[in-house]
Amino acid sequence: MGCGTSCSEKDKQSETALKAALIIQNWYRGRRAQLKTRQRYALTIFQSIEYADEQSQLQLSNFFSFMLENYTRVLEEDSDQSKCAIKPELVTHLLGSNIQDKDRQDYLGLIDVPDSYCGPRLQFPLTFTDIDLLIEAFKQQQILHAYYVLEVLFETKKLLQQKPNFTHTKTSPSKEITICGDLHGKLDDLFLIFSKNGLPSVSNPYVFNGDFVDRGKNSMEILMILFVSFLVYPNDLHLNRGNHEDFMMNKRYGFTKEVLNKYKLHGKKILQILEDIYTWLPIGTIIDNEILVVHGGISDSTDLNLLHRIERNKWKSVLMPPIPIDGDRATEKENKVGTTITARGIRTNGSLSEQLTKHEWEQVVDILWSDPRGKRGCYPNTSRGGGCYFGPDVTSRILNKYQLKMLIRSHECKPEGYEICHDGKVITLFSASNYYEEGSNRGAYIRVSSGTPPRFFQYQMTRATCLRPHYQRVNALESSAIRMLKERMISQKTDLIRVFQLQDCSKSGKLSVGQWAFSMENVLGLNLPWRSLSSRLVTIDKDGNIDYMSSFQDIHIQKPVKEAQYTLIETVYRYRSDLQIIFNVIDSDHSGLISMEEFRSMWKLFTSYYSVCIDDSQIDELAERMDLNKDGSIDFNEFLKAFYVVHKFDKLNKSDTKFA
Amino acid sequence: MADDRSREGTETAVAEFHKKIKEAFEVFDHESNNTVDVEEEEPTGYIRFEKFLPVMTEVLLERRYRPIPEDILLRAFEVLDPAKRGFLSKEELIKYMTEEGEPFSQEEMEEMLSAAVDPESNSIHFKDYITMMVIDEN
């Protein structure tokens, strides 16, 4: 019968359709999983490099400590102090002696706001209309005049000085509080939060958990909005200090540059006051006596009572340990940060005794730099170089000790903007979406009130012109990460080749995947999935062996002068961020110039501390050849800019360094 | 002798696979406690590394889960297009993907459409789509 045959045909047809659909679905899901993995890999690359840079920053801070110790020794030994590159101003700058409390006039001086200025004009005392005014102005990319900036900073400092180390606040069912994590200069994310969650007000309180600045390009605008909101609602807008609220970090991670660019005339003054303001930012917030909100985390020795009592403004950069007082002999001490700091007896002249004890300092470093991990116990945070890794047992113990229920912290970028760990006791909150790159991660904020579980809100900023399909965004993200990784590789090319060749006994130019991965991990110090990434970094032959020189083929460091020796070029390129900061710090009058003498002695100290084997005469020759010391001084920004990476297959010819 | 060598070869291969699996696992193990989250319905919601490693090693050794060849994928689409137009309408694709086989979630469907649909005709020219995806993969 007709029905019989057509029925079985239909069955066969639908069975084939089912199979076909299944094939397509499996294929698609496989691809999707692949894309997700590639996205994660890219994020891991960005994060590893960021943490490695933080380690460099810590090493640099140790270098400054080393420098200061040398200074005092030189003072004692050498009568000809004019030769010393380390001027007294530098010492006070780094040691952070207290600036006398200046009055309004010192800040505002003779600054005039011209009639031609069409940016926002704030009216003191500030009200919520000023918040609106600022937001509207910044949306149109206007820049707030330095006069108003300084007024805001002056008032903010006064108010912050009255705040205790920890802000205690209460919620109620009708008054939830919103907590935001790292913003890092991403103004669009702040606007998005405000549009979704409302502006701060008495009925809509906020906690901003540190790292407002650095890396994004609107750190200044974010600070202004936050500070103005704080001045208008001092009891409902709470600010916690992050590890980036630190003048040393700002020098490396872009905020200092942003300020000096936007405020060519008054930038230095603004930076000076900001250095001070950072030290007055509260260490944390405690909500309903239940929730502790701090930027980094805790350690097994965290003492909240002590932290409530310390004078939080006593040191300027959390990165520099206080110079120890009255030690008898040189002793090597291994402290939490895992590096050795030599304690030496230093005669004090009174001001050093104002330094916090090392113990207090460590407490604060832990709060600002630690990360939670699944492993029990507490151990040094080796990827960042500061603070510690704390396990679920530490969390339980510390929370119980102070009768707290939860820890909310930030400090780590998470793909979904937040993450819960330690049995729900620790929440990581990160509010800068697309932090490393377009598509790298979402941002999030939470609303809490006592008695109810926290509510999470996620978002991701997407440029309207950038609504590309998922796979294209992942490609772009991945390319950016690989590019950054390659720049890292080229900056340590000499070391890498040496290690490769040590294992390449037959001098074939090839290594096994295992040998290559081992070399990469050990030289670069980055914990990455090398085997999976190998296809993106090197050429692999049909036997599965790696041609280890192939990764250096399409990238090189530009030689500023033809005759320069390669190892010197590579060294300067590799340490360019550190050198930039060093020169920046020596240049105490911010002129952009240092003398050849200062340059030479700084270079000598640098090479000895960093164990760099480069003949001093080489650097002299290079500086000379670059025609930089015409009048006995060097424009070090120009000097360093001449060292950059060229990617062969690139339309741009300057490297896209994100950390410069 | 040949047996020994091949066994040795397999052992090295296994060791290398183990390292590769561990590396990849660690990327997703953000808490560094040897577990990763699972998106499916699992009693605990996690997979432990010790459980994952042997399963994955076998998968790699036996070369399972190889990518689906382009021509098979094309044939699958062609089956769903019996009229041989060379394309599927957006509605048709949605119907098949969300009603047949192991149905897509709404998120998966939206994601696939965002790359596959030609906005002018509101249809999926699957041959072009496949070519585009395959190029990207390589």
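Every chain is numbered on its own, with residues counted from 1 as its sequence reads. Labels follow written order: the first chain is A, the first ligand is 1, and so on. Note on the predicted model: pLDDT of at least 70 is required for a residue's local features to be given, and 80 or more for side-chain atom pairs to be given and counted; whole-chain, interface and lining totals, by contrast, use all residues. Derived side-chain values reflect all non-hydrogen atoms in the structure, with water molecules and hydrogen atoms excluded from consideration.

Let's talk about the pattern of salt bridges
All names here are of chain A.
Alright, step 1. Basic side-chain nitrogens of Lys or Arg form a salt bridge, by our definition, when they fall within 4 Å of a carboxyl oxygen of Asp or Glu. Taken as a whole, this structure holds 37 salt bridges over all chains when the rule is applied.
Alright, step 2. For Glu290, the salt bridge is made with Lys405, and the minimal N-O distance between the two is 2.9 Å. Within this pair, whereas Glu290 is found in the loop between strand 5 (284-287) and strand 6 (291-294), its partner Lys405 is found in the loop between helix 13 (392-401) and strand 12 (406-409), the two being separated by 115 residues in sequence.
Alright, step 3. For each residue, the accessible area found with a 1.4 Å probe, counting protein chains only, is set against the maximum for its type, and the residue is called buried under 20%, exposed over 50%, and partly exposed in between. A relative accessible area of 56% means that Lys405 is categorised as exposed.
Alright, step 4. A salt bridge links Asp554 to Lys486, with the shortest nitrogen-to-oxygen separation between them at 3.3 Å. With a gap of 68 residues between them, Asp554 in the loop between strand 19 (546-547) and strand 20 (555-557) and Lys486 in helix 14 (residues 470-491) connect regions that are remote in the sequence.
Alright, step 5. By relative accessible area, which is 21% here, Asp554 ends up partly exposed. Secondary structure is summarised from DSSP: a helix means a run of H or I of at least four residues, a strand means a run of E of at least two, and numbering begins at the N terminus for each.

Examining the packing of aromatic side chains
All names here are of chain A.
Alright, step 1. Two aromatic rings from Phe, Tyr or Trp, using only the six-membered ring of Trp, form a pair when their centres are within 6.5 Å; if the ring planes differ by under 30 degrees the pair is stacked, by over 60 it is edge-to-face, and anything between is tilted. A complete count under the given rule lists 32 aromatic pairs over all chains for this structure.
Alright, step 2. A centroid spacing of 6.4 Å and a plane angle of 90 degrees characterise the contact between Phe63 and Phe606, whose relative ring orientation is edge-to-face. Of the two residues, Phe63 is situated in helix 1 (residues 2-77) and Phe606 in helix 20 (residues 596-609); the sequence distance between them amounts to 543 residues. Here Phe63 matches Phe606 in class, with each residue buried.
Alright, step 3. Between the aromatic rings of Trp603 and Phe606, the centroid separation amounts to 5.5 Å while the plane-to-plane angle is 40 degrees, which identifies the pairing as tilted. Residue Trp603 and its partner Phe606 are both found in helix 20; the two are separated by three residues, about one turn of the helix.
Alright, step 4. According to the relative accessible area criterion, Trp603 is buried, its value standing at 2%.
Alright, step 5. Owing to a relative accessible area of 1%, Phe606 belongs among the buried residues under this scheme.

Some details on the side chain of His184 of chain A
All names here are of chain A.
Alright, step 1. When you line up the elements, His184 lands in the loop between strand 2 (177-180) and helix 6 (187-197).
Alright, step 2. Polar contact is defined as a pair of N or O atoms within 3.5 Å, subject to the rule that within protein one atom must be able to donate a hydrogen and the other to accept it, and that residues adjacent in sequence are counted only when both atoms are side-chain atoms. At 3.0 Å, the side chain of His184 forms a polar contact with the backbone oxygen of Val213.
Alright, step 3. Any two residues whose heavy atoms approach within 4.5 Å at even a single point are treated as in contact. Aside from chain neighbours lying at most four places away, what touches His184 is Asp211, Phe212, Val213, Asp214, Arg215, Gly216, His244, Phe430 and Tyr435.

Topic: the confidence of the model for chain A
Alright, step 1. Every residue gets a pLDDT, meaning the predictor's confidence in that residue, from 0 to 100. In the predicted model, chain A carries a mean pLDDT of 84, and 84% of its residues have values of at least 70.
Alright, step 2. Confidence drops under a pLDDT of 50 for residues 324-355 of chain A, and excluding neighbours within four residues, the segment shows 55 contacts in the predicted structure.

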